[in-house]
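Overview (structure and organization)
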Amino acid sequence: MWLNLMLAWIFSLGVSRSGAKSPRPGPGSSVPTPQPSCGMLSLHPTVACLGTPLTASCTLDPSCLQISHARPGDIVWRLNGETRQLSLNQSIVGNGTVTVVSILQAERPRGELSCFLPHRSSLHLLGLAEYQAGVPPAELQVERCVSFWGGNITCYWDPGPETYLPTTYTLHVTEEAGRCLWKFRDAGTCVSSRESRSCTIPVENLFASFQVRLTAVNPLGRASAADKCVHGMSIVKLSPPEVSATADRSDCFRVAWRQPNEELLRVTDARYEIRYRDVDGASWTQVEVTAAEDAPASEDVCDVSPFTSYSIQVRALYQSDAFPWSEGGPSWSAWSHERFVRTLPTAPSRGPALWRRIATPDSDGRSEIILMWKPLQPKEANGRTLTYRLRWQRRGQPAVLACLTRSLQCALELPASEEHTFFLTASNSVGESPASKLSIPAVQAQAVPPPLPVLVSPASDRSLLLQWDPPGFAAAAYVFEWGRASENRGQNSSWRYELGNISRVVLAEAIEPGYLYSLTIFALSGGAVRAAGSTSAYSKQIAPFRAPALHPARVWPSQVEVQWEEVPLEEQGGFIRNYTISYEEQGKDTQAVVVNGSVRRCLIAGLAPDSVVRVGISVSNDGGRTQGSVLSIRTRSLDDGKVELLLSSLCVGLVVLLITAALACVLKHPLYVCLIQGCLWPQVPDPAKSHLASWLPQQMWLDLGNFPEEQSGKQRAGYPDFLFWGAPGIICGQQEEEMMCKFFLESTWAAETSSTGDKYRQPLQTILLRGDVTTPDHSQARRQSTVEYSTVIVWAYPGDAPPSSTAPWPQPTPQSPESSGPSREPGWRICFQSPSCEPLDGSCWRCGQQPDGGPAPLGAFPLLRTLVVEGSGDLQPNGDHHAGALSPMMPYLPLERDHRAWGMCLNEGGQ
């Protein structure tokens, strides 16, 4: 028992050091060294044919199984690092060891097998073995043997299928007598690998027979090729000839050669081949030649192009019928070094391709016509082109020389209303080409040519394929024009000329990926355009060169509208399919909106007010997608209406505040107070406080404005009727007025109303102007004299009527209690008149003219109800009056002796 415990401890130490601490092997990993104290692996055979079984034996120490509590079937097999489930063939127990045998197939040419024993959740390596698998060499075949004039024999063979094992090829050559009847001597042996497939053996004499034997050996077997009997001269390969070439014609050149080292006794002992090609071409043309006897080896090669450089090579083949029994024949020598020759020039074979560009006619009816042509191809030019001759012909006139130039175009300014025909020829040192013809119709006669349907498709990344149906006429040639659609076709377009009888063409000149090209095809017949068609295409669409820049169009609190410009055509890279608008709001995921390629603006909704939105744009076509820059936009906090209302309120409040402050400042200043009150609130004088209220004129008459009873009520409307009674009299203030005063003093007057009751029944005061007449209560007189503003002119004329007046004058009567008018002194008349020359009653004239209507309403002049004043007096502030003083506002109008008239202007209110 103690022995078992010690063995278990030793095994655990071995496992922990070798297996537990070793990494678990996998594919491509190194495998730990097996522990012989626990087990071993053997593999038989180590070299086998592919697909055959291999026997693997894993021998274990019994203590390993006991400690790990494993069984023979728990062994883990790995082939080339991959775990395999191998069938358990048998388990043999003997001598205290356990052997596990398994069978596997040799599936690969190389293999590595290992076995492991599970222990403590890891694998313990028991053993490792390798094997090789392949096939034995197949039957060999010697393809040919060649003898070189230098004295060696080289044989070539086919090694057959791959053997997957190292294989050695051995070539053995012996010199034989006769037709390989017996061995004369060993020529030599050569060993080669499979990769070389040939071997060379030196020999001393080529005029002998040789036995050739080939064998192949590898670990799985051996193979041989059938023996060959060859004569050294029957398999000879000559050296490359030495060549020279000359040309003395435009369609032929001469080739001469000789064999080096005098390998041939006669030139006729070999056959020859000449090959030549245009130096700009790739294909060779071969010509077999038999040299003439007793003549240098040479040959004329004809039917070649004029003024063309050719590359020439020659090779030779030995021919002999002396050894028909020899297996194999002679081989062609290697081609000689290249020699070059150029044929002589000749006249060009055809005229240059001719085309035109026509400008818009000017004000004089002349157009600039640019004639263009392509240089002739070398096969057509047949020499170096020296000049181009362009002839111009009008209808019904002979052709004249228009241009003689070496350039490829000629500009002419010709009348647009005429038809023009052009002929172009090219000349070299030998002659002149046939003429190319081009007709340009007059502008008035130009008609749109019939359409020619054309299809276009990419031929490659840098070429376009055009296909069309032949037109309904025999087209002599086609002209193709193409250029970038974003550029001016007239200046930068390319063109190409092709002869008729074609229905497709590939355009590869000046075409790049990512650009749109406009293409036009013209069908020509007789030098005139008979049909035309056009289209556009990309040779290859690529991602747009750039994306458009975003601009904010309108911004709201919850919406943002962005806009962008169209990508320029030269930067689109293809047909724009759509735009992708991506936006990201703070704290939210990125969202995207895809719009059509024709849309130029996008509305983003559902945003938060006063937030920053990052908006980006990308543009896509069939070739890819391009991302643009990112635009940051802050949304508004308020709508436009709210902002306008707020600003309007603030402005109105500010204006009111400024006006209030201005008024407050102005009202504090007395001068501005007076100005403002005078403009906005004018001060209306109070008649009760006027000078007239306390003014006592020097002379006063009672109102004579009562009307006769027969006047209508309409004329009396608007003012009360006054009856005059009880007036004591008036004292005149001046002697000149004694006559008038006397008239008033002879009668007294009293005033009363018939419509307003007792309110106006008050005795009139008698105003004393010079101290002799007593006056009743003066305060009462001042109260009764309160009147409104007006100006009245009072006139008095002697006689029964005013001058030029035929109207009746009311006659005054002496005062009595029943009287209604003043007493009259014959010969005097009194008249009241306004400054506008309107009489104030119906009895006076209008400024010397007879009035048209009745009396003027005296109710408009209440002062005349009480006072008739002549003269003036100065009013004192205390209401006292000084007789004899003159007032500047009441000018006295003196009585004129001629007319015996007096008058005065009365400004009511005392002003």
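Computed from a prediction, not measured in an experiment: that's the story for all the values here.

**Structural notes on the state of the cysteines**
Following the criterion strictly, the structure yields five disulfides and no others. The partner cysteine of Cys403 in its disulfide is Cys410, sulfur to sulfur 1.6 Å. Note on accessibility: Cys403 and Cys410 belong to one class, buried.

**Quick look at the sheet that holds strand 39 (residues 528–538)**
The four strands are arranged 36-35-38-39 in an open sheet whose pairing can be described as antiparallel. A strand with exactly one partner marks an edge of an open sheet, and here the two such strands are strand 36 (494–499) and strand 39. Adjacent strand axes in the sheet meet at a mean angle of 20° when their direction is disregarded. Here strand 35 (residues 477–484) runs beside strand 36; their pairing, made up of six bridges, is antiparallel. Each bridged residue has a counterpart across the sheet, and for Tyr478 the counterpart in strand 36 is Glu498.

**Things to note about a nonpolar patch on the surface**
Where nonpolar side chains cluster on the molecular surface, the patch consists of Leu638, Leu646, Leu647 and Leu650 and spans about 360 Å² of accessible area. Secondary-structure assignment places Leu647 in helix 5 (residues 640–667). The exposure class of Leu647 is partly exposed, given its relative accessible area of 47%.

**Comments concerning the confidence of the model for the chain**
For the chain, mean pLDDT is 75; residues scoring 70 or higher make up 67% of the total. Here residues 1–36 is modelled with pLDDT under 50, and outside its nearest four sequence neighbours on either side it reaches 41 contacts, counting other chains as well. Segment residues 699–737 is flagged for pLDDT under 50; beyond a separation of four residues in sequence, or across chains, it makes 124 contacts in the model.

**What about the nonpolar core?**
Counting 46 residues, the largest nonpolar core has Leu171, Phe253, Val255, Trp257 and Ile312 as its most contacted members. A per-element tally of this core places strand 24 (residues 309–318) first, with five residues. Discounting chain neighbours no more than four positions away, the residues touching Trp257 are Pro241, Glu242, Val243, Tyr272, Ile274, Val289, Ala297, Ser298, Glu299 and Val314. Counting 26 residues, the second-largest nonpolar core is a separate cluster that includes Leu371, Leu376, Trp495 and Ala532.

**Topic: the packing of aromatic side chains**
This structure, assessed with the given rule, holds 14 aromatic pairs. Between Tyr478 and Phe480, the ring centres sit 6.4 Å apart and the planes meet at 25°, which makes this aromatic pair stacked. For the residue pair Tyr478 and Phe480, the accessibility class agrees, reading buried in each case. Clustering of aromatic rings is evident, with ring pairs tying together Phe253, Tyr276 and Tyr310.

**A look at the side chain of Ser234**
The topology assignment puts Ser234 in the loop between strand 17 (228–231) and strand 18 (236–237). Judged by its relative accessible area of 10%, Ser234 is buried. In terms of polar contacts, Ser234 uses its side chain to reach the side chain of Ser326, at 2.6 Å. Those residues in contact with Ser234 that lie beyond four places of it in its chain are Phe323, Ser326, Gly328, Gly329 and Pro330.

**A short note on the environment of Phe575**
Mapped onto the elements of the fold, Phe575 is located in the loop between strand 41 (560–564) and strand 42 (576–585). According to the relative accessible area criterion, Phe575 is partly exposed, its value standing at 36%. When the C-alpha positions of Phe575 and Ala537 are compared, they lie 9.6 Å apart, and in sequence the two are 38 residues distant. Other than its neighbours up to four places away in sequence, Phe575 contacts Leu516, Tyr538, Gln541, Ser620, Asn621 and Asp622.

**Some details on the sheet that holds strand 33 (residues 454–460)**
An order of 33-34-37 is seen for the three strands of this open sheet, with the pairing classed as antiparallel. Two strands lie at the open edges of the sheet, namely strand 33 and strand 37 (504–507), each paired on one side alone. Going across the sheet, the axis of each strand differs from the next one's by a mean of 25°, ignoring polarity. In this structure, strand 33 lies alongside strand 34 (residues 463–468), joined through six bridges in antiparallel fashion. In the sheet register, Ser457 faces strand 34, and the bridge partner there is Leu465.

**Structural notes on the pattern of salt bridges**
Tallying each qualifying case throughout the model produces 29 salt bridges. Put simply, Glu107 and Arg84 hold a salt bridge, and the shortest N to O gap is 3.7 Å. Here the residue Glu107 occupies a position in the loop between strand 7 (97–105) and strand 8 (110–119), and Arg84 occupies one in strand 5 (residues 82–84), the gap between them amounting to 23 residues. What makes Glu107 exposed here is its relative accessible area of 53%. A cluster of three or more residues bridged by salt bridges with shared partners is formed by Glu175, Arg185 and Glu204.

**What to know about the side chain of Glu176**
Summarising the element assignment, Glu176 is placed in strand 12 (residues 168–177). An unpaired buried charge is present at Glu176: no salt bridge exists, and Arg213, the closest side chain of opposite charge, is 6.6 Å distant. For Glu176, the side chain forms a polar contact with the side chain of Thr174, separated by 2.8 Å. In this structure Glu176 touches Leu181, Trp182, Lys183, Phe184, Ser209, Phe210 and Gln211, once residues within four positions along its chain are discounted.

What counts, and at which threshold
- Residues numbered from 1 in each chain as written.
- Predicted model: local features only at pLDDT ≥ 70, side-chain atom pairs only at ≥ 80, totals over all residues.
- Heavy atoms only, no water.
- Disulfide = S-S within 2.5 Å.
- Buried < 20%, exposed > 50% of the residue type's maximum accessible area, 1.4 Å probe, protein only.
- Pairing = 2+ DSSP bridges.
- Helix = DSSP H or I, 4+ residues; strand = E, 2+ residues; numbered from the N terminus.
- Axes fitted to C-alpha atoms, helices over the stretch in contact; angles between N-to-C directions.
- Patch = residues over 30% accessible without salt bridge, like charges linked within 9 Å, V, L, I, M, F, W, Y side chains within 5 Å.
- Areas by Shrake-Rupley, 256 points an atom, 1.4 Å probe, with all protein chains shown as cover.
- Salt bridge = Lys/Arg side-chain N within 4 Å of Asp/Glu carboxyl O.
- pLDDT = per-residue confidence, 0-100.
- Contact = heavy atoms within 4.5 Å.
- Core = buried A, V, L, I, M, F, W, Y, C linked by side-chain atoms within 4.5 Å.
- Phe/Tyr/Trp six-rings, centres within 6.5 Å; stacked < 30°, edge-to-face > 60°.
- Polar contact = N/O pair within 3.5 Å; in protein donor to acceptor, adjacent residues only side chain to side chain.
- Lys, Arg positive; Asp, Glu negative; His and termini not counted.

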